[in-house]
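Coordinate analysis (summary)
Each chain, written out:
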Amino acid sequence: MAQKGVHLDCESFSCSICLDLLKDPVTLSCGHSFCMSCIQSYWDTEDEKKIYSCPQCRQTFIPRPVLKKNTMLAGLVEEVKKSGLQAAPDGSSEAGPEDVACDVCSGRKLKAVKSCLFCLISFCEKHLQPHYESLAYAKHKLVEPSKTLQENICSRHDEVMKIFCRTDQKSICHLCCLDQHKGHDTVSAAAERTERQKDLEESRGNIQQRIQDREEDVKLLQQEVEAINGSADKAVEHSQEIFTQLIRLMEKRRSEVEQQVRSQQEREVSRVKGLQEKLEQEITELKRKDADLQKLSLTEDHNQFLHSYPSLSEPGQPADSSRINIRPLRYFEEVTAAVSEVREKLQDLLTETWTNVSQAVTEVDVLLLEPPGPAEPKTRAGFLRYSQRITVDPNTANRHLLLSDGNRRATNTTEEQSYPDHPDRFTGLVQVLSRESLTGRCYWEVDWRGGWVGVAVAYKTIRRDGNSWDCLFGYNDKSWRLVCTKDSYGFDHNKVCTDVSGPQSSRVGVYLDHRAGILSFYSVSETMTLLHRVQTTFTEPLHAGLTLDWSDGASAEFLEVN
């Protein structure tokens, strides 16, 4: 008991940053203590934000606190060091949050090295020894440590489930065969495992074939990139040779052709490489799936195998299962032919034949699995085709926001609302997210009142607790925000602020094409005017968001448009 007490004391005098005994200990006003050098280094990383926090409880401090050595705590640490009992009592490996703990250990739990399918408990090295030394345990089945042993126990009869009911597709015990599963098609779990193992191998074979097919597609696309680059280089080179023979008037046309070819080259290569990356991602996912199936095939726990196999047995279908087909393609060779034709004609024919050059550049053909999506709408009627009804998620609303109009309007109020505690709630910033997740093509409008408002989109994984930049829309890589005031606009993303010009309006339209990575903000009045457009890659579903002015009565509403 005394030894355990010393161990707990050692943990009490450890720095949560370096996980070692405190060196030159300092204590923050929140009560947590750290090594002087550790907390200084940690705060150095927060200098840019000018907001300093406790690594343990996240309490923030402004300005940066002046630290002084805690002499009393330093003296206690020295006493612990002198005791010579800093290590764990027996040198064994203590179980962490991700480990399987020994079920026999009392007090401090050690890491389990084996689980017994007969005893249905897990053992550390010390408590496992009887299984190796006594013949009474000879028939016990030892497997790698598992957290799911209790899933092998029948909840109805408290017996080990060693039988599989094919009629109900579930594991059962021998008593289940006598009542609710009487007359069903039942076999031993081991026999069913053998049958499912055959299916697993077939699934792996299908996945491996798909991996091979996609790898061949990636190689073909790489050849396509090289062909585009080579053809484009030749077209530019030949065009330069021809245009140098022309008079000064033709010099302007030469540079236009070069610019068009390079621009088209960049677009086509970008599209092919984008598809190549997509296929490589699919290959990675298929390999991961294959690895999961391989790992499952090696497990010795039949019931765990039967429990996990249905969710892994289907390889799933890719977004587009079509293959790359070899077919005659056009690159940039026709550009050279068109330019040669221009060289042979007089100045009065130049205007008529110039369209041939431009058309030859734009008709470059590449291998693509899917056609491009429809263009962004040009009119409000076009945008309204993608109108999305947006409502506020009450669980995310700051307590200074009053929700109304069917949870479509949020109004800032000095009176704190009695919303229950929730991990999704913004606690330090007057912000709120929508209940709806946004993918595909969406359009919505926001009507706002007050000094200013931020109209935003954000990933659901954005931080909610506190006042740090990680929580504020537009000041991290998880959100994008248009700030609207009575006389100006601004756009924020990842702490980069951009001035935006456009007609003032109390109504803002937001257009999102999640797949294409397009986010556009419009000033909406009698006409629609583009304020700012973002072209990026969205990696998660988005949610609409609002940031409100701290002034009492500022409000914003997600309008119902159709």
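Below or above, wherever it landed, is the structure these notes cover. As a convention, each chain's residues are numbered from 1 in the sequence order in which they are written. Per-residue local features of the predicted model are confined to residues with pLDDT of at least 70, and side-chain atom pairs are confined, for both listing and counting, to 80 or more; whole-chain, interface and lining totals are unaffected and use all residues. Neither water nor hydrogens contribute to the side-chain values; these are computed over all heavy atoms in the structure.

So, about the overall build of the chain. Secondary structure elements are taken from DSSP: a helix is a run of H or I of four residues or more, a strand is a run of E of two residues or more, and numbering for both begins at the N terminus. Helix and strand content of the chain: 10 helices and 23 strands. Burial here depends on accessible area, computed with a 1.4 Å probe over protein chains only, as a share of the maximum for the residue type. Under 20% is buried, over 50% is exposed, and the range in between is partly exposed. Within the span of the chain, comprising 562 residues, buried residues form 43% of the whole. We call two residues in contact whenever any of their non-hydrogen atoms come within 4.5 Å of each other. Restricting the contact set of the chain to residue pairs at least 6 apart, pairs at least 24 apart contribute 61%. What sets the accessible areas is the Shrake-Rupley method with a 1.4 Å probe; for residues, cover comes only from the shown protein chains. Entry remark: accessible area of the chain is about 30700 Å², with carbon and sulfur atoms responsible for 50%.

The subject of this paragraph is the packing of aromatic side chains. Between 30 and 60 degrees the pair is tilted, below 30 it is stacked and above 60 it is edge-to-face, where a pair is any two Phe, Tyr or Trp rings, Trp via its six-membered ring, whose centres lie within 6.5 Å. All chains considered together, the criterion is met by 12 aromatic pairs. In textbook terms, an aromatic cluster arises when at least three aromatic residues are bridged by ring pairs, as seen for Phe383, Tyr386, Tyr443, Tyr511 and Tyr522. Look at NZ for Lys and CZ for Arg. If either is within 6 Å of the ring centre and within 35 degrees of the ring normal, a charge sits over the ring. Over the ring of Phe305 we find Arg193; its NZ or CZ atom is 4.1 Å from the centre of that ring. Directly above the ring of Phe426 sits Arg464, whose terminal nitrogen or CZ lies 5.3 Å from the centroid.

Our focus in this paragraph is the sheet that holds strand β16 (residues 479-485). Any two strands with at least two DSSP bridges between them are considered paired. With antiparallel pairing, six strands are arranged side by side in an open sheet as β13-β22-β15-β16-β17-β18. Where the open sheet ends on each side, the last strands, each with one partner, are β13 (431-433) and β18 (496-500). Averaged over all pairs of adjacent strands, the angle between strand axes in this sheet comes to 20 degrees, irrespective of strand direction. Pairing between strand β15 (residues 452-459) and β16: seven bridges, direction antiparallel. Bridge assignment links Val453 to a residue of β16, and that residue is Cys484. Lines fitted to C-alpha atoms define the axes, with helix axes restricted to the stretch in contact, and inter-axis angles between N-to-C directions lie between 0 and 180 degrees.

Our focus in this paragraph is the pattern of salt bridges. Put simply, a salt bridge is a Lys or Arg side-chain nitrogen that is within 4 Å of an Asp or Glu carboxyl oxygen. Under the defined criterion, the tally for this structure stands at 27 salt bridges. Between Glu282 and Arg210 there is a salt bridge, and its shortest N-O distance comes to 3.5 Å. In this pair, Glu282 sits in helix α6 (residues 248-298) while Arg210 sits in helix α5 (residues 189-243), placing the two residues 72 residues apart along the sequence. When its relative accessible area of 15% is taken as the criterion, Glu282 is described as buried. Of the charged contacts in the structure, one is a salt bridge between Arg399 and Asp421, with a shortest N-O distance of 2.6 Å. Of this pair, Arg399 sits in the loop between α10 (380-384) and β11 (401-404) while Asp421 sits in the loop between β12 (409-412) and β13; the two residues are 22 residues apart in sequence, bridging distant segments of the chain. We classify Asp421 as exposed; its relative accessible area is 70%. Three or more residues are tied together by salt bridges with common partners; here these are Arg389, Asp405, Arg408, Arg409, Glu557 and Glu560.

Another point: the sheet that holds strand β10 (residues 186-188). The pairing of strands in a sheet happens through backbone hydrogen bonds and is either parallel or antiparallel. Read across the open sheet, the three strands follow the order β9-β8-β10; overall the sheet is antiparallel. Taken across any chain shown, the strands that pair with only one partner, and hence form the sheet edges, are β9 (170-172) and β10. Recorded for the sheet is a direction-independent mean angle of 35 degrees between the axes of neighbouring strands. Of the strand pairs in this sheet, strand β8 (residues 163-165) and β9 are connected by three bridges, and their pairing is antiparallel.

A word on the pairing of β12. A regular strand places its side chains so that they alternate between the two faces of the sheet. Residues Arg409 and Thr411 point to one face of β12 and Ala410 and Asn412 to the other, with burial holding for every one of them. Direction of pairing for β11 relative to β12: antiparallel, over a ladder of four bridges. The partner of Leu402 across the bridge, within β12, is Thr411. In this structure, the hairpin formed by β11 and β12 is closed by a connection of four residues, where Asp405 is found at a positive phi of approximately 50 degrees. In this structure, β12 lies alongside strand β23 (residues 555-558), joined through three bridges in antiparallel fashion. Note that in β23 the partner of Thr411 across the bridge is Ser555.

A few words on the pairing of strand β21 (residues 528-535). Inspection of the sheet shows strand β20 (residues 518-524) paired to β21 by seven bridges, in the antiparallel sense. By the bridge assignment, Phe521 is partnered in β21 with His532. Turn length for the β20-β21 hairpin, with the two strands adjacent in sequence and antiparallel, is three residues.

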